[in-house]
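What follows is the residue order along each chain.
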Amino acid sequence: MLFDFTTEAGRRGWSAAHDLAPLEGSREGLIFTITGGDPYAFGPPVELKEAGPLWLVLRLRAAESGMGQVFYFQDGGPTEPGSVRFPVRAGRWEEVRVALPALAPGTWRFRLDPPGTTPGSRVSVAFLNIEKRVALKEPAWPAPGEPGALDVAGRVMAGGLALELGRDPFQLVVRFGGSLLARGHDGALIGWQESPGSDPLFERPKASSTHTVEGRGGLRVATTWTDAGGAHWTYSLLAQPAPGDSIALTVSLSADRARTLVHFPALVLLAEAKNRRGLFAGVEYLDPPDSSSSEADLRGPQALRHVPDAHVPTLPLMAIQGEGRYLSLEWSLDGDGAACFDSPARILGATRGHLLGMLFPDGSRPPDSRLPHAGRALKPGEALTQKLTLRAGRGEGVGEAISAHIEATSLPKVPKLPGGWETTLASGWLDSGIHEQGRWRHAFPGEFPLSGAADALACQSWLAARLASSDPLLATRLRRSAEEGRRRVVAEDTGGIGHVRQSAAALLPGGDLAKAARSARERVRGLLSRLTPDGTVIYEKSPARPDFGATHFEKTANGLSAEPLVEALRALTLAPDTRLIGEAVARLRQLDFRWKSAAPRGAQTWEVPLHTPDILASAHLAAASVLAYELTGDKELLESARRWAFSGVPFVYLREVARPVGAYATIAVLGATNWEAPNWIGLPVQWCGLVFADALLDLAEHDERGPWKKLAEGICASGALQTWPRGEGQGRGGLLPDSFHLPAQVRNDVCINPATLQVPLARSLGVPLYTRRVLSFGGPFVHAPGVVEARSLRSFTVRGWPEGEYTVLICGLTVEPRELLINKKPTASRFDSSVGSLALTLTGRADVSWR
């Protein structure tokens, strides 16, 4: 045992270094008492005598869930690449086993960062040990054979898609519309062990017999061979036509003797595509000249992601597109395979094409290997099985593959909202660490300043109205808090501390959205001035930060360029102006033409590389396109919105990867903060998804045929489940974690104010804080705190949620109405000719019309 912390000798030399009280010994182990947000302790130097890969093993119990981290270093001090992270659940003893790379013999030191950030929280560590790990070494992979004539055993057709199977099942050809799409990798190897821990043997399967059976429009090819130890292996591939341009596959492998399987290509395709785009959902999003597993978004071993852990892909989809066609490979989630992707192909001996595949067995792999940490023990006759789908179609990007997959499968059931979610959000506003005497912080804990927040006023008022009958005392507290906060917010403020923009506060008593409308045009001019003549925003390095543009193939990106456009177009719904609308839409068209089929990128360049695929870019682009559609009525812009909405779908977990938080959890980017840590691949950052959900709800207003409303509902429900429960987390109750570790169901700091969740959640439930409704393309626009139903070009019904009076603003009127009717009664009003607006004071439900 390297460090047995239950003994005095095992604790010797360990000391608190930062944000920890002096370490204490006990019969349970070493006690870490946290005093700040970045706790860590150093251990004494130790001699490692054996070289090679290792396991780091810890046993610990934490009072607070979170991520632990261990650094290992020699002379240079601790660094992120020389560390491992692990999730820890609160209130239970857990034994953590994490793979370390091969460490050289010599003197090493360890730094332990316990989970938790709350002062007073305690962590007990029983031991920290190093164990030898048998690492499976990759063989010299044989290259696939040169393309040649195929000895065809049979053919399966589905629409324009054709699969030709050879008498050697590893030799196959995929065609679409008669043109070659992909070939099979016929340089297959099987790797096996007589027993776990023994040296693996890799050999080429040499068929002793092959059987082909046709029937019911399908084809089954089975081949048998004998390994060097005398075991008989059988591999079979069943192909059957499926709806549309798709073919269903079932592959299986078994042996008649006990074996430990290390490697077998269940199915490996080498796609032919020049100037290609690629997708491995949740893992890779590629444009020319990208290559997968590059260091443009991550650096070091974590950049290698050819065979990610099973929980990482957001949906079971990979695709390659080129020359106006795409080929996708989809897989069932209950199979025995591990998905594998490389574009351009450089692994498993391939040096041409783009690799899409499924490997036996499943299981976690080191980042630099296609072999698992340990093989899969098979009993005699036990079969590994995997179901797959080949799909093809025409398209200029991978978006068509995404939409085809969504149309062919069922979206997961929207999770049920946790009980008492309204009171949970209320506790976030009133009792969490973000609130102090009518001011709020964006997030907690951390050095976030207090400020007035317009969205905090609207959110609390909405909750007060909703809780008025069920919890009148809490409703009263919310009203008083909102009233106190109103004194710190200017009347025309439409912003706040949340990530989702809305104008509800300026439509409540004390607010003035009409004044905001009068200044909107000047704001639009400033936003448009940030764009170059070709419609882009050029990335500029911040003096205090790394050069986040260094790894991108251009100094701009669609997400970076869309952000000022979406804000400008949103402002133009308050003060429509023909010339400014024309200029903003022209810039959007330039952006859309330039990046029409590209990956969404570069929307978070305050901490993420410009190159990095980013769901926030999808959100900005989809929202801007919907706004431009409302301002012009051009249906091409609605199609653009659909395309950009589909570009964000691969960031959303459309499968139950874990419970209760799983489906509809949303990763932010396919990269990492500052290139290294934390690695955000497979790590939900729900606030980004909630901004995307708000854009989807905009799109759903105009495109009922899409999956947009259900996607948004699911993302919001997942956000509610991720939110800290009321009274938990020591000042975090009611706040949204910055990120969420799915396998361990652990919430990670910092925690974000409730507005980011509450605004789109209220919309998804059909009871919005704020509604923007266009009555006719280009205007008029109605802005109201509640539901707005358009009845004609000059009439609408509003159902306001405020408990008393509220304002409705009608914008974009070309002339002053001759007569204004509210509930069919003539009403006097003041017309603002500078922006063509009417501000109406209403209560409850009202029918509004004019002539």
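Predicted model, so just to flag it, every value in this text is computed and none were measured.

### Side note on the overall build of the chain
Moving on, step 1. Across its full length, the chain holds 13 helices and 46 strands.
Moving on, step 2. For 851 residues, the compact-globule estimate of 2.2 N^0.38 gives 29 Å, and the C-alpha radius of gyration of the chain, at 29 Å, lies within 12% of that figure.
Moving on, step 3. In terms of overall dimensions, the chain has C-alpha extents of about 95 × 75 × 50 Å along its principal axes.
Moving on, step 4. Put simply, the chain has 851 residues, and 60% of those count as buried.
Moving on, step 5. Long-range contacts, defined here as pairs at least 24 residues apart, represent 68% of the contacts in the chain between residues at least 6 apart.
Moving on, step 6. On the chain, the mean spot of the 92 positive side-chain charges and the mean spot of the 91 negative ones are 3 Å from each other.

### Overview of the nonpolar core
Moving on, step 1. Counting residues in hydrophobic clusters, the biggest one holds 146 residues, and the most contacted among them are Ile 402, Trp 429 and Leu 569.
Moving on, step 2. A per-element tally of this core places helix α9 (residues 615-632) first, with 13 residues.

### Examining the environment of Ile 402
Moving on, step 1. Note on placement: Ile 402 falls in helix α2 (residues 399-408).
Moving on, step 2. As for Ile 402 and Val 251, which are separated by 151 residues in sequence, their C-alpha atoms are 24 Å apart.
Moving on, step 3. Once residues lying within four places of it in the same chain are set aside, the contact partners of Ile 402 are Leu 279, Tyr 285, Leu 317, Phe 646, Val 649 and Pro 650.

### As for the environment of Ala 158
Moving on, step 1. Relative to the helices and strands, Ala 158 is located in strand β13 (residues 152-158).
Moving on, step 2. Taking C-alpha positions, Ala 158 is 7.3 Å from Pro 243, a pair spaced 85 residues apart along the chain.

### Quick word on the sheet that holds strand β19 (residues 209-215)
Moving on, step 1. With antiparallel pairing, nine strands are arranged side by side in an open sheet as β19-β20-β21-β22-β31-β27-β26-β24-β25. Edge positions in the open sheet fall to β19 and β25 (284-286), since each of these has one partner strand only. Neighbour to neighbour, the strand axes of the sheet diverge by 15 degrees on average, direction disregarded.
Moving on, step 2. Running at roughly 45 degrees to strand β27 (residues 325-331), α2 makes contact with β24 (277-280), β25, β26 (317-322), β27 and β31 (383-394) of the sheet.

### Remarks on the pattern of salt bridges
Moving on, step 1. Overall, the coordinates contain 54 salt bridges when judged by the stated rule.
Moving on, step 2. Its salt-bridge partner being Arg 376, residue Asp 362 comes within 3.2 Å of it at the nearest N-O pair. With Asp 362 in the loop between β29 (354-360) and β30 (376-378) and Arg 376 in strand β30, this pair connects stretches of sequence that are 14 residues apart.
Moving on, step 3. Judged by its relative accessible area of 29%, Asp 362 falls in the partly exposed class.
Moving on, step 4. In the salt-bridge network here, residues are joined through shared partners; they are Glu 630, Asp 694, Asp 698, Arg 763 and Arg 772.

### Looking at helix α13 (residues 755-764)
Moving on, step 1. Here α13 lies mainly inside the structure; 10 of its 10 residues are buried.
Moving on, step 2. Those residues of α13 that sit buried are Ala 755, Thr 756, Leu 757, Gln 758, Val 759, Pro 760, Leu 761, Ala 762, Arg 763 and Ser 764.
Moving on, step 3. Residues of α13 that are buried in the fold lie against α3 (421-430), α4 (454-467), α11 (686-700), α12 (708-722), β35 (736-741) and β36 (746-752).
Moving on, step 4. A positive phi of about 80 degrees marks Gly 766, the residue just after α13.

### Thoughts on the sheet that holds strand β46 (residues 845-850)
Moving on, step 1. Across the sheet, which stays open at both edges, the five strands sit in the order β39-β40-β46-β42-β43 with antiparallel pairing between neighbours. On the outer flanks of this sheet lie β39 (786-792) and β43 (825-826), each paired with one strand and no other.

Reading the values: the criteria
- Residues numbered from 1 in each chain as written.
- Predicted model: local features only at pLDDT ≥ 70, side-chain atom pairs only at ≥ 80, totals over all residues.
- Heavy atoms only, no water.
- Helix = DSSP H or I, 4+ residues; strand = E, 2+ residues; numbered from the N terminus.
- Rg over C-alpha atoms; globule rule 2.2 N^0.38 Å.
- Buried < 20%, exposed > 50% of the residue type's maximum accessible area, 1.4 Å probe, protein only.
- Contact = heavy atoms within 4.5 Å.
- Lys, Arg positive; Asp, Glu negative; His and termini not counted.
- Charge placed at Lys NZ, Arg CZ, Asp CG, Glu CD.
- Core = buried A, V, L, I, M, F, W, Y, C linked by side-chain atoms within 4.5 Å.
- Pairing = 2+ DSSP bridges.
- Axes fitted to C-alpha atoms, helices over the stretch in contact; angles between N-to-C directions.
- Salt bridge = Lys/Arg side-chain N within 4 Å of Asp/Glu carboxyl O.

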